[in-house]
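Summary of the model geometry
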Amino acid sequence: MVSMETNRWPRRVWDRARWPLVAAVGPIAFGSNYFVTHEYLPAGSPLWGSAIRALPAGLVLLLVARRLPTGAWRWRSVVLGTLNMGLFFCLVYVAAQLLPSSVAASLMSLSPIAIAGAAWLLIDERPAPRVIVGAVIGGAGVLLIVGTATGALDGWGIAASIASMLLSSIGAILTRRWQDDTPVLTVTAWQLVVGGLELLVAAAVIEGAPPAVTPVEVAAFAYASLIATALGFVCWFTGFRHLPAGVVGVIGLLNPVTGVALGVFAGGEILTPLQAVGIALVLVSIAIVNARRRTAVVLEGERQVVKRR
């Protein structure tokens, strides 16, 4: 019997860690895109950059899924694609143009609270006290990571940043509310295609012809589209399907942590002591929001063992 218990231990560890790890791939992929965009992508055409990032990702996932939306998913895909991709990417770029990056990241650190609030209002999922505590600790950590800005702040930039956070939070919760037996990959493909087409039209109207790109920039766009977008959003939405929304929201704080880490290790930036403390706080917040869930999984495993006996 001891041998059987020992053999079950790795399975229990995997069961309790699987979905948090999958969900974490999303913000890590999103965070890596900051470095790729800053170092390798052309500046001055944010709408074209967003369109090139979103549309190819959606088309690749659509080729894999081989399924077009039917019934209610026709209008749901438009709503979700607009909230999660089209409007979100546009507003993020507006905020990035008008605000210091530290301020934009600070405002986005409030997203766990926004996600938990949207889940409470739209799907009646009340955030557990540990989720609220974790969100506050994680938000404080992100504030330490990005630092404080000096000088005057653009009001439109602040509005764009807050709007992008709220719209993406609502879109993520609606994605969960409308989930059925449709695979996550398929739903993600539809959203990216819709958002990509919206961005393509906006880019053509506002920015004119697409920018010329070098082979290195083509490779960077491929990474941004396939890894930082296609893979990232599939894992992100998978997290919302299997975990409480508030938990996924706090895991999303890995986004700015990843951006800072890549800046330090790949971009030669200096990690300050306060930033190191901030990263530690974010990791602590993620551990807090997953603590009770891990206990529940272990207890459930024990009950199953007892039943088999």
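Keep in mind that this is a model prediction, so the values were computed, not measured.

What counts and what doesn't
- Residues numbered from 1 in each chain as written.
- Predicted model: local features only at pLDDT ≥ 70, side-chain atom pairs only at ≥ 80, totals over all residues.
- Heavy atoms only, no water.
- Helix = DSSP H or I, 4+ residues; strand = E, 2+ residues; numbered from the N terminus.
- 1 Å grid on protein atoms, 1.4 Å probe; cavity = no way out; pocket = protein on both sides within 12 Å on 5 of 7 lines; lining within 4 Å.
- Points joined across faces, edges and corners; volume = space filled by probe spheres on them.
- Patch = residues over 30% accessible without salt bridge, like charges linked within 9 Å, V, L, I, M, F, W, Y side chains within 5 Å.
- Areas by Shrake-Rupley, 256 points an atom, 1.4 Å probe, with all protein chains shown as cover.
- Salt bridge = Lys/Arg side-chain N within 4 Å of Asp/Glu carboxyl O.
- Core = buried A, V, L, I, M, F, W, Y, C linked by side-chain atoms within 4.5 Å.
- Buried < 20%, exposed > 50% of the residue type's maximum accessible area, 1.4 Å probe, protein only.
- Contact = heavy atoms within 4.5 Å.

Right, let's get into unusual backbone geometry. For Arg66, which is not a glycine, the phi torsion comes out positive at approximately 55°. Along the chain, the position of Arg66 falls in the loop between helix H2 (46–65) and helix H3 (73–98). With phi around 55°, Asp124 is a residue other than glycine that occupies positive phi space. Among the secondary structure elements, Asp124 is positioned in the loop between helix H5 (111–123) and helix H6 (129–146).

Scanning all chains against the criterion turns up 1 cavity of 30 Å³ or more. Roughly 70 Å³ of volume is contained in the largest cavity. The wall of the largest cavity is formed by Thr175, Arg176, Gln179, Val184, Val187, Phe237, Phe240 and Arg241. Here the element with the most residues in the lining of the largest cavity is helix H9 (residues 215–242); it accounts for 3 residues.

A surface patch of nonpolar side chains, amounting to about 510 Å² of accessible area, comprises Val25, Val60, Val64, Tyr223, Leu226, Ile227 and Leu231. At the level of elements, H2 and H9 are the ones that each hand at least two residues to the nonpolar patch. Here the element with the most residues in the nonpolar patch is H9; it accounts for 4 residues. Secondary-structure assignment places Leu226 in helix H9.

This paragraph deals with the nonpolar core. Soluble globular proteins tend to bury their nonpolar side chains together. Core analysis: the largest hydrophobic core is formed by 54 residues, its most contacted members being Ile173, Leu192, Phe233, Trp236, Phe240 and Ile251. In this structure Leu192 touches Ala54, Leu55, Ala57, Gly58, Leu61, Met85, Thr229, Ala230 and Phe233, once residues within four positions along its chain are discounted.

This paragraph deals with the environment of Phe35. Residue placement: Phe35 occurs in helix H1 (residues 2–40). Separated by 223 residues in sequence, Phe35 and Thr258 have C-alpha atoms that sit 9.2 Å apart. Contacts of Phe35, omitting those with residues within four sequence positions, involve Tyr40, Leu262, Ala266 and Gly267.

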